[in-house]
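One letter stands for each residue in the lines below.
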Amino acid sequence: MRKIIVLSMITLDGVMQGPGGPEEDTSGGFKYGGWTAPYGDEAYNKAMEKELQPADYLLGRKTFDIWENYWPTHGDFWPSINEGTKYVLSTTREKSNWKNSVFLKDLADIKKLKNSDGADIHVWGSSELIQLLLKNDLVDELRLKIHPLTLGKGKNLFANGPIPAAFTLIDSSITTKGVILANYKRAGEVKTGNVEV
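Each residue is numbered by its place in its chain's sequence as written, counting from 1. The predicted origin of the model limits local features to residues at a pLDDT of at least 70 and limits the giving and counting of side-chain atom pairs to 80 or more, whereas totals for whole chains, interfaces and linings rest on all residues. Side-chain descriptors were evaluated using all non-hydrogen atoms of the structure, hydrogens and water having been removed beforehand.

As annotated in an unreviewed UniProt entry, the protein chain is Dihydrofolate reductase from Pedobacter planticolens.

This is the structure in structure tokens:
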């Protein structure tokens, strides 16, 4: 069985839209694209280098559309994105000229992929896909970069409310610019009880 790992840059209020640049994703009138730019430092860059190591990728169709127009000609920065297999959940597309692209039709295809042998599967961007994965308890790890700002509007990591789930912090650090790098793994059901005072 393969792990599905969500890697996301988010704000304090959970916005994940357009972190990389002003024109990356302006859907819904989003005007804060590139909001991560002021927060780079050595620790942040090292975390990114680690996350850009070879993997397979599971992407929503909108993220794939953006990426297939950019990464094939920018592989010097992230070579493994072109070499890794890109699984794309889409009801409207079936093929691409971007090498190693495979299209999935539904949740059953994702479950079959997760239950197969192979590399870990990284999910970048793809807010609607992440909602689907969280609602169906298919996320094994969350690797979050929590930035010290709020945007109020934009695609949100937890927009539609995932199923209740517990996670365990497995690694964390804080950059010099105040970005919390926090990696969580799925840890069973939510436990409740009385707070002792």
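Don't stop here, the text continues.
Novice: Would you take a moment to explain the environment of Ala 119 for this structure?
Specialist: Its place among the elements puts Ala 119 in the loop between helix H4 (107–114) and strand S5 (121–124). Ala 119 gets classed as partly exposed once you look at its relative accessible area, which sits at 35%. Placed 118 residues apart in sequence, Ala 119 and Met 1 show a C-alpha to C-alpha distance of 9.4 Å. Throughout, a residue-residue contact means that at least one pair of heavy atoms, one from each residue, lies within 4.5 Å. Residue contacts for Ala 119: discarding those within four places in its chain leaves Arg 2 and Asp 56. Strands here mean DSSP runs of E at least two residues long; helices mean DSSP runs of H or I at least four residues long; both are numbered from the N terminus. A 1.4 Å probe rolled over the protein chains alone gives each residue an accessible area, and that area as a share of the maximum for its type sets the label: buried under 20%, exposed over 50%, partly exposed in between.

Novice: Would you explain the packing of aromatic side chains in this entry?
Specialist: Two measures describe an aromatic ring pair: the distance that separates the ring centres and the angle between the ring planes. Side-chain rings of Phe, Tyr and Trp (the six-membered ring for Trp) are treated as a pair once their centres are within 6.5 Å; stacked means planes under 30 degrees apart, edge-to-face means over 60, and tilted covers the remaining angles. Considering all chains together, one arrives at ten aromatic pairs under this definition. On the numbers, 6.0 Å between centres and 75 degrees between planes, the contact of Phe 30 with Tyr 32 is edge-to-face. The exposure class of Phe 30 is buried, given its relative accessible area of 8%. Judged by centre distance (4.9 Å) and plane angle (85 degrees), the ring pair of Tyr 70 and Trp 71 falls under edge-to-face. Each member of the aromatic cluster is reached from another via a ring pair, and the members are Tyr 57, Trp 67, Tyr 70, Trp 71, Phe 77, Trp 78 and Trp 124.

Novice: I would appreciate a short explanation of the UniProt feature "domain: Bacterial bifunctional deaminase-reductase C-terminal" (unreviewed entry) in the protein chain in the present structure.
Specialist: Following the UniProt record, the feature "domain: Bacterial bifunctional deaminase-reductase C-terminal" (unreviewed entry) maps to residues 2–179 here. With 22% helix and 22% strand, residues 2–179 has end C-alpha atoms that lie 29 Å from one another. UniProt positions are given in the numbering used here, feature names are shortened, and annotations may be inferred rather than shown by experiment.

Novice: Before we go on, may I ask you to explain the pairing of strand S7 (residues 167–174) in this structure?
Specialist: Within a regular strand, the side chains alternate between the two sheet faces. Each pair of strands is called paired provided DSSP finds at least two bridges between the two strands. As paired elements, S7 and strand S8 (residues 180–186) share seven bridges and run antiparallel to each other. Paired with Phe 167 across the bridge in S8 is Arg 186. Here S7 folds back onto S8 in antiparallel fashion, the turn holding five residues, of which Gly 178 has a positive phi close to 85 degrees.

Novice: Help me understand the sheet that holds strand S6 (residues 141–147), please; the structure alone is not making it clear to me.
Specialist: With mixed pairing, the eight strands of this open sheet are ordered in space as S4-S3-S2-S5-S1-S6-S8-S7. The open sheet has two edge strands, strand S4 (101–104) and S7, and neither has a second partner. When strand polarity is set aside, the average angle formed by the axes of neighbouring strands in this sheet is 20 degrees. Across six bridges, the pairing between S6 and S8 is antiparallel. Following the sheet pairing, Lys 145 is matched in S8 by Leu 181. Structural elements are reduced to axes, namely lines fitted to C-alpha atoms, with helices fitted over the stretch in contact, and the angle between N-to-C directions of any two is expressed from 0 to 180 degrees. Where helix H1 (residues 42–51) meets the sheet, its contacts fall on strand S1 (4–11), S5, S6 and S8, and the angle it forms with S6 comes to roughly 155 degrees. Packed on one face of the sheet, helix H5 (residues 127–135) meets S1, strand S2 (56–60), strand S3 (86–89) and S5 and runs near 105 degrees to S2.

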